[in-house]
Amino acid sequence: MRINCRGLGYRYPGVERPVFDGLDIEFRTEVTLLRGYSGCGKSTLLRLAAGLLKPSSGKVETEGLLRPGSREFFRKELSFVFQDLNLLPLASVERNLRLCSQIGGASREEVDRWIGRLGLDDYRNRSVEKLSGGQRQRVAIARALAKSPKVLILDEPTSGLDDGNTEIIKTAVRNFVSQGHAICVVATHDHRLEEIADELVDFHTFLSLAE
Amino acid sequence: MSWWIFIHFYLWQNSLRRWWEQPLSLLSKLVISGLLGMLGAVVILGLKDLGGRLDARLRDKEILGVVLSESIVSPGRALDNLPGEFPREAWGAEGEMLVYYQTSVWADVEGVGRCPVLAVDDPEQLGFVDDLFLLSEDRMTGIPLNLTMGNFGSEAVVARPTEDIVNLMGRDDVVLGSADRLAGALVKGFIRTTVVHANSIEHVRKIHATVAAMAKVEDRRPRLRSNLRILEELEKVRDMQRSALLFVTIGASLVLGLVFGSLAWMEFREERYLLSLIRSFGVGRMTLLAHALVENTLLAVGGVLLGFLVLRVGASQLDLAALQIPWLDSSYLLASGEGRQLVLGAALGGVLSCVPVAIGLRKPLGLILK
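The structure contained in this document is the topic of the report that follows. (Residues numbered from 1 in each chain as written. Chains lettered and ligands numbered in written order. Predicted model: local features only at pLDDT ≥ 70, side-chain atom pairs only at ≥ 80, totals over all residues. Heavy atoms only, no water.)

**Here's the deal with the overall build of chain B**
And step 1. The helix and strand inventory of chain B stands at 10 helices and 9 strands.
And step 2. For chain B, with 370 residues in total, the buried portion stands at 48%.
And step 3. A separation threshold of at least 6 residues defines the contact pool for chain B, and within that pool the share at least 24 residues apart is 79%.
And step 4. Accessible surface, chain B: about 18,900 Å² in total, of which carbon and sulfur atoms supply 60%. (Helix = DSSP H or I, 4+ residues; strand = E, 2+ residues; numbered from the N terminus. Buried < 20%, exposed > 50% of the residue type's maximum accessible area, 1.4 Å probe, protein only. Contact = heavy atoms within 4.5 Å. Areas by Shrake-Rupley, 256 points an atom, 1.4 Å probe, with all protein chains shown as cover.)

**Some thoughts on the overall build of chain A**
And step 1. On a plain count of helices and strands, chain A comes out with 7 helices and 8 strands.
And step 2. Across the 211 residues that make up chain A, the buried fraction comes to 55%.
And step 3. The contacts in chain A between residues at least 6 apart in sequence include a share of 73% that link residues at least 24 apart.

**Description of the sheet that holds strand β7 (residues 183-187) of chain A**
Residues and elements named next belong to chain A.
And step 1. Strand order in the open sheet formed by 5 strands is β5-β6-β7-β3-β8, and the pairing between neighbours is parallel. Looking at the sheet topology across the chains shown, the edges are occupied by β5 (78-81) and β8 (199-202). Strand-to-strand twist in this sheet, taken as the mean axis angle between neighbours without regard to direction, amounts to 15°.
And step 2. Direction of pairing for strand β3 (residues 31-35) relative to β7: parallel, over a ladder of 4 bridges. In the sheet register, Val 31 faces β7, and the bridge partner there is Cys 184.
And step 3. Packed on one face of the sheet, helix α1 (residues 42-50) meets β3, β5, β6 (151-155) and β7 and runs near 155° to β6.
And step 4. Here helix α5 (residues 133-146) sits on the sheet and contacts β5 and β6; the angle it forms with β5, its principal contact strand, is near 170°. (Pairing = 2+ DSSP bridges. Axes fitted to C-alpha atoms, helices over the stretch in contact; angles between N-to-C directions.)

**Some thoughts on a positive patch on the surface**
And step 1. Together, Lys 54, Arg 67 and Arg 71 of chain A together with Arg 285 and Arg 362 of chain B make up a positively charged patch on the protein surface.
And step 2. Tracing the sequence through the fold places Arg 67 of chain A in the loop between β4 (57-63) and α2 (71-77). (Patch = residues over 30% accessible without salt bridge, like charges linked within 9 Å, V, L, I, M, F, W, Y side chains within 5 Å. Salt bridge = Lys/Arg side-chain N within 4 Å of Asp/Glu carboxyl O. Lys, Arg positive; Asp, Glu negative; His and termini not counted. Charge placed at Lys NZ, Arg CZ, Asp CG, Glu CD.)

**Concerning the environment of Leu 39 of chain B**
And step 1. Tracing the sequence through the fold places Leu 39 of chain B in helix α2 (residues 23-59).
And step 2. Considering only alpha carbons, one finds Leu 39 of chain B and Gly 307 of chain B, 268 residues apart in sequence, at a separation of 8.3 Å.

**Points about the layout of surface pockets**
All names here are of chain A.
And step 1. Quantified by volume, the largest pocket comes out at close to 630 Å³.
And step 2. What lines the largest pocket is a set of 22 residues, and nearest its centre among them are Gly 51, Lys 54, Gly 69, Ser 70 and Phe 74.
And step 3. Here the lining of the largest pocket is built from residues that sort into 10 nonpolar, 5 polar and 7 charged. (1 Å grid on protein atoms, 1.4 Å probe; cavity = no way out; pocket = protein on both sides within 12 Å on 5 of 7 lines; lining within 4 Å. Points joined across faces, edges and corners; volume = space filled by probe spheres on them. Nonpolar A, V, L, I, M, F, W, Y, C, P; charged D, E, K, R; others polar.)

**Let's talk about the pairing of β3 of chain A**
Residue and element names in this part refer to chain A.
And step 1. Of all 5 residues in β3, 4 are buried, a share of seventy percent or more.
And step 2. Relative to β8, β3 is paired through 4 bridges, and the arrangement is parallel. Opposite Arg 35, over in β8, you have Asp 202 as the bridge partner.

**A short note on α5 of chain A**
And step 1. The terminal C-alpha atoms of α5 of chain A lie 20 Å apart, and with 14 residues this matches the ideal 20 Å at 1.5 Å per residue to within 8%.
And step 2. Looking at the packing, one finds that the buried side of α5 of chain A touches β5, α3 (93-104), α4 (108-117), β6 and α6 (163-178) of chain A. (Expected span 1.5 Å × (residues − 1).)

**Points about the interface of chain B and chain A**
And step 1. If you look at the interface, chain B gives 25 residues, while chain A gives 26 residues.
And step 2. Across the chain B/chain A interface, buried area totals approximately 2,300 Å², and carbon plus sulfur atoms make up 69% of it.
And step 3. A per-residue breakdown of the area chain B buries against chain A is headed by Trp 3, Tyr 10 and Phe 281 of chain B, which together make up 27% of the total.
And step 4. The tally of links between chain B and chain A comes to 0 salt bridges.
And step 5. Linking chain B with chain A are 6 residue pairs in polar contact (both at pLDDT 80 or more), by the criterion used here.
And step 6. Going through the elements one at a time, α1 (2-21) and α7 (228-280) of chain B are the ones with two or more residues in the side of chain B that touches chain A. (Buried area = accessible area lost by both parts, 1.4 Å probe. Polar contact = N/O pair within 3.5 Å; in protein donor to acceptor, adjacent residues only side chain to side chain.)

**What about a negative patch on the surface?**
And step 1. A grouping of Asp 121, Asp 122, Glu 124 and Asp 180 of chain B is seen on the molecular surface, where their side chains present a negatively charged patch.
And step 2. Secondary-structure assignment places Asp 180 of chain B in the loop between β7 (174-178) and α5 (183-186).

The analysis is restricted to geometry; functional conclusions fall outside its scope.
So this is what it looks like as structure tokens:
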């Protein structure tokens, strides 16, 4: 499985200057960590790779995956953890996980397993609005992993989290990817996540070289 | 499939939360659709009343009457030699037709004096037997009176004239008999008058067209009297009434569509992150749009029905007859086609209001989700 970005460029609507142009990068079944300063285009690249945005130029090719951007791809193969809201308000932890996993076709057991692994057993029936930031992010990671995605994309997953929560998330992601069935791309400022990376891409430098 | 139920359950839970947290949005939707429903109902009831009165007027036999008169001068002895009658088929298969012959002969009736003589093809059509009658509005009926017409002498029994005959002759005391019995009186000429009680304006129009065509072809100059012009005016008013009803329905739909659409767009802007997140899980746009559609349609239809209900309850508290607005009785509104048409218009408004949502849902997820 791989995601191949070829000659990729993107320009936001109403903005003259592209975020990047002519970018070539490939993601494989390992953890790729994208580092770089804010606004350099890491999140944009993640969205393009996931099919949440359509590239202005170039293309995203896949091998062993459904077409990025298609409903089936979102449903069965992609889990994307965003920087902001990732959970359905009003719903409990368990319902958040169960709903998203059911859409992806995951089993109840898988949901229970990830609730346990992310240390969420005590909150399973609590509304996600009543959780702390760290707990919410753990729920978001559990939701992402419970459907056993082929592509796991995390955008600043540990931003603002304490070491304890970061450690739980690192362990969970590493365990999941070590099974060798998923492409994992993480965009982060957080150096604590470098330990789980198979490949480290300094995105700003990467873009400079590409130009 | 179960996720689909869960998603809809969640979306409804979210809608209820929104209604709870922003009751003004819900109330404004219900009040606007309710007011439109009430206003529409009042217009519908008024128009329906007007339409009912127009229809009654148009069904009135008097107004649908057609009278065709033609002078036949010296036809000779045989009625068979008369210029052809306008054939019954030409009048249309329906309707009631009577043919009268106003002779140029006068009869002297005992104790009455000189009376005009009128012949008909079939007296039974008027409810008379084949005999001679003196039609009078105030003389005692059933009394036989002696009469003479030239050399011919007979008796005529007093009877009441029909409305047609009074209108036709314009006077009281007329001698009536069958054309066969009065063949001698017809020899010197007569005015043949055909009275048709048409069933509809179309029928009257057809009669006019047929008579005009036949008169032209056969070079005859019949005189045709009818209320066709008035009927056509009434028909125009009825058409206007139908158009007004359609206008009210379409107008209500558009207003609801615009108002609900504006509110739906504001709500969508508030919730687009959440909706985009749900879409990123693999839920299709149509599922989300269907929810918005059902929600807005339910509110639009619910509001209009509420408006009907308020009007009905309000009207039941008033003495409509005393206020001279008996037509405001809305008890049958829901069962009527017009009421259902307005409800359908409201539903259409609800559907229209989802257009901005449908456009908003087309925005790429990556531009919304951060």
